[in-house]
Amino acid sequence: MQVSQEPQQGTPAVTPDGPADQAGLKPGDVILSIDGRPVSVADELIVAIRAKAPGDPVTLQVRSDGDEREVRVVLEERSSGQ
């Protein structure tokens, strides 16, 4: 599942200073798995994240510019404006 390269409905693909940004995710990165479970479509990632609580860490396997790496993201609660 690829992180969007363009803003979506006025929201940046990676929120500046948000959890993904702090973990080093960039627009265009490809998320391969979450906590060891493969992700091929956005719904799989959404379901896995919604099963967690704010403050929970997740480990993402990410491909960026041809290199694969693991990143740890600490989830935060989504504000009501998003």
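Residues numbered from 1 in each chain as written. Predicted model: local features only at pLDDT ≥ 70, side-chain atom pairs only at ≥ 80, totals over all residues. Heavy atoms only, no water.

1. A word on the pattern of salt bridges
In this structure the tally under the stated criterion is 3 salt bridges. In this structure, Asp29 engages Arg69 in a salt bridge whose closest nitrogen and oxygen atoms are separated by 3.2 Å. Pair noted here: Asp29 is in the loop between α1 (19-23) and β1 (30-34) and Arg69 is in strand β4 (residues 67-74), with a separation of 40 residues, a long-range link. Note on Asp29: relative accessible area 3%, which makes it buried. Put simply, Asp35 and Lys52 hold a salt bridge, and the shortest N to O gap is 3.2 Å. Highlighted residues: Asp35 in the loop between β1 and β2 (37-38) and Lys52 in the loop between α2 (42-50) and β3 (57-64), separated in sequence by 17 residues. For Lys52, a relative accessible area of 32% translates into the label partly exposed. (Salt bridge = Lys/Arg side-chain N within 4 Å of Asp/Glu carboxyl O. Helix = DSSP H or I, 4+ residues; strand = E, 2+ residues; numbered from the N terminus. Buried < 20%, exposed > 50% of the residue type's maximum accessible area, 1.4 Å probe, protein only.)

2. Some thoughts on the sheet that holds β2
Read across the sheet, 4 strands follow the order β2-β1-β3-β4 without closing on themselves; strand pairing throughout is antiparallel. Of all strands in the sheet, those bounded by a partner on one side alone are β2 and β4. Alignment of β1 against β2, held across 2 bridges, turns out to be antiparallel. Across the sheet, residue Ile34 finds its bridge partner in β2, namely Arg37. (Pairing = 2+ DSSP bridges.)

3. Section: the side chain of Asp29
Polar side-chain contacts of Asp29 include one of 3.2 Å to the side chain of Arg69. Look past the residues within four positions of Asp29 in its chain and what remains in contact with it is Met1, Gln2, Val3, Gly24, Val62, Arg63, Ser64 and Arg69. (Polar contact = N/O pair within 3.5 Å; in protein donor to acceptor, adjacent residues only side chain to side chain. Contact = heavy atoms within 4.5 Å.)

4. What to know about unusual backbone geometry
Only a minority of non-glycine residues have a phi that is not negative, and only a minority of peptide bonds are not trans. Look at Gln9: it is not a glycine, yet its phi comes out positive at around 50 degrees. In this structure, Gln9 sits in the segment before α1. Taking relative accessible area as the criterion, Gln9 reaches 84% and is therefore assigned exposed. Positive phi is not limited to glycine here, since Asp35 has a value of about 50 degrees.

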